[in-house]
Amino acid sequence: MGEPSAKWNLLQLAFVAVYPACLSSIRMVDGMALLALYVFLFILCIPPMFIQHKLGGYEQKGIVGLFSRYLPIAKGVGVALLIDLFLTCVYFAPLVCHFGMYAVISMIQEPYLWEGCSNAWNTDKCVENLPVTVHSQNEGVYYNRLSGQTSDVARQTPEKEFFNLQYLQITDKISDIRGFPVWNNTAPFQDIGFSVLPVGLTVVWLVVFLIVAFGGRVCGWILFVMCPGFLGTLFAVLVYGYMNLDKAASNQFLGRFYNLNFDGFVDIRTNRKLITDWEKGFSLLMNSFPVWTAIPATLGKMTGRGKVSRNLGWLLIILVYACIVQVPQLAMAPYLGNLLDKTSSSLPESTFLDFNNVGSSSGSTVDICIKVVFQAMPAAFSILNIPKEYAMLFFLSLFLSGVMFLSVGMLTIVDNICDSLFSRSSRLSSHKIVVNFVISFVMIVLALGAGFIHMTQAGMYYTVLMDQSVLRLRFITVALLAFSIIIVYVRNRFAVAEKVLLSIWCILAAIGATGFWLYSFIITKNIPISYAGHQVSDLWELISWLLAGVPYIAIPAAAIHSCMLHEGDCSERSRYLLCGGDEDDDDEEEPRNYDGYFPTEPTAPPYSYMDPGGQHYSHSLYPVDDLHKATYDPEMEPLNSDVRTSRI
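Residues numbered from 1 in each chain as written. Predicted model: local features only at pLDDT ≥ 70, side-chain atom pairs only at ≥ 80, totals over all residues. Heavy atoms only, no water.

### Quick notes on the overall build of the chain
Argument step 1. Each helix and strand counted, the chain has 22 helices and four strands in total.
Argument step 2. A sequence separation of at least 24 residues applies to 80% of the contacts in the chain between residues at least 6 apart.
Argument step 3. Roughly 28100 Å² of accessible area belongs to the chain as shown, and the carbon and sulfur atoms make up 62% of that amount. (Helix = DSSP H or I, 4+ residues; strand = E, 2+ residues; numbered from the N terminus. Contact = heavy atoms within 4.5 Å. Areas by Shrake-Rupley, 256 points an atom, 1.4 Å probe, with all protein chains shown as cover.)

### Topic: the nonpolar core
Argument step 1. Of all hydrophobic cores here, the largest spans 189 residues; its most connected members are Tyr167, Trp205, Phe289, Trp292 and Leu406.
Argument step 2. Ranked by the residues each element gives to this core, the list is headed by helix α5 (residues 75-108), at 20 residues.
Argument step 3. If sequence neighbours within four positions are ignored, Tyr167 has contacts with Cys97, His98, Met101, Tyr102, Ile105, Phe162, Pro181, Trp183 and Leu197. (Core = buried A, V, L, I, M, F, W, Y, C linked by side-chain atoms within 4.5 Å. Buried < 20%, exposed > 50% of the residue type's maximum accessible area, 1.4 Å probe, protein only.)

### With respect to unusual backbone geometry
Argument step 1. Located in the positive-phi region is Gln60, a residue other than glycine, with phi close to 55°.
Argument step 2. Note on placement: Gln60 falls in the loop between α3 (31-59) and α4 (63-70).
Argument step 3. Its relative accessible area of 7% is what places Gln60 among the buried residues.
Argument step 4. Phi at Ala532 is positive, roughly 55°, even though this residue is not glycine.

### Some words on the packing of helix α9 (residues 247-257) against helix α13 (residues 327-343)
When two helices pack together, their arrangement is given by the angle between the helix axes and by the axis-to-axis distance.
Argument step 1. For the pair α9 and α13, the least separation of the axes is 8 Å and the interaxial angle reads 110°. What the angle tells us is that α9 and α13 run roughly perpendicular. Relative to α13, the crossing made by α9 is right-handed. Facing α9, whose interface residues are Ala249, Ser250, Phe253, Leu254 and Phe257, α13 presents Gln329, Leu330, Ala333, Pro334, Leu336, Gly337, Asn338, Leu340 and Asp341.
Argument step 2. A per-class count over the contact of α9 with α13 returns nine nonpolar, four polar and one charged. (Axes fitted to C-alpha atoms, helices over the stretch in contact; angles between N-to-C directions. Parallel < 35°, antiparallel > 145°, perpendicular 65-115°, else oblique. Left-handed = near helix turned anticlockwise from the far one by under 90°. Nonpolar A, V, L, I, M, F, W, Y, C, P; charged D, E, K, R; others polar.)

### So, a nonpolar patch on the surface
Argument step 1. Together, Leu206, Leu210, Phe214, Val218, Val434, Phe437, Val438, Phe441, Val442, Val445 and Leu446 make up a nonpolar patch on the protein surface, roughly 940 Å² of accessible area in all.
Argument step 2. Those elements that place two or more of their residues in the nonpolar patch are α7 (197-212) and α17 (432-451).
Argument step 3. A per-element tally of the nonpolar patch places α17 first, with seven residues.
Argument step 4. Residue classification places Val442 among the partly exposed positions, given a relative accessible area of 39%. (Patch = residues over 30% accessible without salt bridge, like charges linked within 9 Å, V, L, I, M, F, W, Y side chains within 5 Å. Salt bridge = Lys/Arg side-chain N within 4 Å of Asp/Glu carboxyl O.)

### A closer look at helix α18 (residues 459-472)
Argument step 1. Given a rise of 1.5 Å per residue, 14 residues ought to cover 20 Å, and the 20 Å separating the end C-alpha atoms of α18 matches this to within 8%.
Argument step 2. For α18, the buried fraction is high: 14 of the 14 residues fall into the buried class. (Expected span 1.5 Å × (residues − 1).)

### What to know about the pattern of salt bridges
Argument step 1. What the rule picks out here adds up to seven salt bridges.
Argument step 2. The salt bridge partner of Arg474 is Asp84, with a shortest N-O separation of 3.2 Å. Of this pair, Arg474 sits in helix α19 (residues 474-490) while Asp84 sits in helix α5, and the two are 390 residues apart along the sequence. One exposure class covers both Arg474 and Asp84, and it is buried.
Argument step 3. Asp419 serves as the salt-bridge partner of Lys301, at 2.5 Å between the closest nitrogen and oxygen. Taken as a pair, Lys301 in helix α11 (residues 295-302) and Asp419 in helix α15 (residues 388-424) lie far apart in primary sequence, 118 residues in all. There is no split in this pair, since Lys301 and Asp419 are both buried.

### Some thoughts on the side chain of Gln52
Argument step 1. Mapped onto the elements, Gln52 comes out in helix α3.
Argument step 2. A relative accessible area of 1% means that Gln52 is categorised as buried.

### Observations concerning the environment of Gly78
Argument step 1. Relative to the elements of secondary structure, Gly78 occurs in helix α5.
Argument step 2. With a relative accessible area of 0%, Gly78 lands in the buried category.
Argument step 3. Considering only alpha carbons, one finds Gly78 and Ser68, ten residues apart in sequence, at a separation of 9.0 Å.
Argument step 4. Excluding residues within four positions of it along the chain, Gly78 makes contact with Ile63, Val64 and Phe67.

### So, the side chain of Asp84
Argument step 1. The exposure class assigned to Asp84 is buried, which follows from its relative accessible area of 10%.
Argument step 2. If sequence neighbours within four positions are ignored, Asp84 has contacts with Val470, Arg474 and Pro551.

### Regarding the state of the cysteines
Argument step 1. With the rule as written, the count across this model stands at one disulfide.
Argument step 2. Paired by a disulfide, Cys117 and Cys126 hold their sulfur atoms 1.9 Å apart. Judged by the torsion about the S-S bond (-75°), the Cys117/Cys126 disulfide is left-handed. Neither residue differs from the other here; Cys117 and Cys126 are each classed as buried. (Disulfide = S-S within 2.5 Å.)

### Quick word on the packing of aromatic side chains
Argument step 1. Enumeration over the complete set of coordinates arrives at 40 aromatic pairs.
Argument step 2. Ring geometry for Tyr112 and Trp114: centres 4.8 Å apart, planes at 5°, overall stacked. When sorted by exposure, Tyr112 lands in the same class as Trp114, which is buried.
Argument step 3. Between Phe163 and Tyr167, the aromatic rings sit 5.6 Å apart at their centres with planes inclined by 15°, giving stacked as the arrangement. (Phe/Tyr/Trp six-rings, centres within 6.5 Å; stacked < 30°, edge-to-face > 60°.)

### Overview of the confidence of the model for the chain
Argument step 1. For the chain, per-residue confidence averages 81 on the pLDDT scale, and 79% of positions sit at 70 or higher.
Argument step 2. Per-element confidence in the chain is highest for α7, whose mean pLDDT is 95, and lowest for strand β1 (residues 142-143), whose mean pLDDT is 34.
Argument step 3. Below pLDDT 50 for its whole length, residues 355-362 participates in 32 contacts with residues either more than four positions away or in separate chains.
Argument step 4. Under a pLDDT of 50 for its full length, residues 609-628 has, in the predicted model, 30 contacts with residues more than four places off or in other chains. (pLDDT = per-residue confidence, 0-100.)

### A short note on the packing of α3 against α11
Argument step 1. Relative to each other, α3 and α11 sit at 45°, their axes nearing to 6 Å. Of the possible angle classes, the one that applies to α3 and α11 is oblique. Viewed along their axes, α3 and α11 form a crossing whose handedness is right-handed. On the side of α3, the interface is formed by Met49, Gln52, His53, Gly56 and Gly57, while α11 contributes Pro296, Ala297, Leu299, Gly300 and Lys301.
Argument step 2. Residues that form the contact of α3 with α11 fall into these classes: four nonpolar, five polar and one charged.

What follows is the structure, encoded as structure tokens:
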């Protein structure tokens, strides 16, 4: 936050860079889609990540600070990115809370709480996951162990009914909020008498506050320690799965899931699946690697101005993501493979994992997360008799990764706000820790307050609504960010060849990313928002569109604010909005506060004089840089070290 020294070293950056792993674990892709992900990672993500990370490190500013200095008319783009990131954290935090609650629930009872169709919350639609003796030859007709009858009515797995009917106690419509779910039918929670979900959300945000409140340096060390915890728990689940479960089923699942079929390239125009696969890869990349957000510039700032850190940090982030993006899916593979093998005779494959729709951009990230994490994996743990310790470790790994993502997101928001305050008031800049603490507290309280509605019995409707709303107009954000960041990059003092090459590459990457987001917008704009078979009303569809447009209100508002702050006539203000301040400002020494008095002139030359305007000093009050060290006289310096200018 304005400090020239690096808060993180490259090793810390490498550990912090695993924060998007939880986003990739809830959106799975297969075969050609995974190939598309790595192709798009190289083509679409390298230039914007390089430019934003390098600018953040070189200028020691966040995305708002960069635009405020070089392109004030685009400062609102940075503010819009922060609002977008804040909304993402608001609706993602409840999912992180659910990860943590499931880690607790998986440990408190054996067998698992979600097992079986004989619980008080189960309905006559519940069907056991285990292979059954009575199975109709007609596809879609299964034996119901609870009622002892067969029916072609859509069946519900015990895990799905537990999550919706007992854990969430979901209502039939978004407006029927009722209150927070109280688990009276669950033995371990009967004596509590109140809902633990809002308490869990409060704990999540309290942890994030303690990580972020003391500044970037402390945050970096805490995340550095959390990363091994996340990887250790996830690898423990991975090793147990491959060592103790049927290897044939695991290998069959991996072979099918990561199958590369190049037949679609023969006739691309008639092969819809190839287009769908590449769409899935792009969707996973854009939803799990926040490159077109406000985060990269802040990560660059945290790693400092050093040439090595700012020129290699971006590459380190991309390489870490390339290595970590498939680890959660590989950890789940043996469990999902054995689950499908065990239930293939009694339940359709799409009950747990729909290979045709999983990872598609037309599906809500929240819906996919629920189906994979809260239905398929719990079913695998119960059917395969997995020890509850490993179920707990799986959900704990997702919880730790989710907390890391929320911490990086809130650090980005808080850091940009604090930078803006420090640039306006020198008095606040002398109390950076206090200001950072207060701003962190305010932002956490706002996020917590906005998140409480997601913990109600209608909360999942709001989570799905916000998920789809935030992503609706993402193509506008990408286009504006690319245009603005290229202008800032070109105006900096980097090599001409580098600026030309990276700018052209970034323009092409932005066109590609914008095109894909626009394509996703076109194919999803008419898909109604729904959860558990219940669609929201037209009024809530309108609210969703309004919510999607909220970040963009900041663009003209911030431009007007920048115009009002700058003194001068209309032409001077217009030039300031388009060109920013003096590019050489950073070469000047930071202004010093003399409490209204000019410093005493030295008793010997060289002397200094005020400029004719009487408002500013010359480049240096006491220009002794041209003197040789051998002729340096310390008595020429003022007694107050704060106003000394000699660099010898």
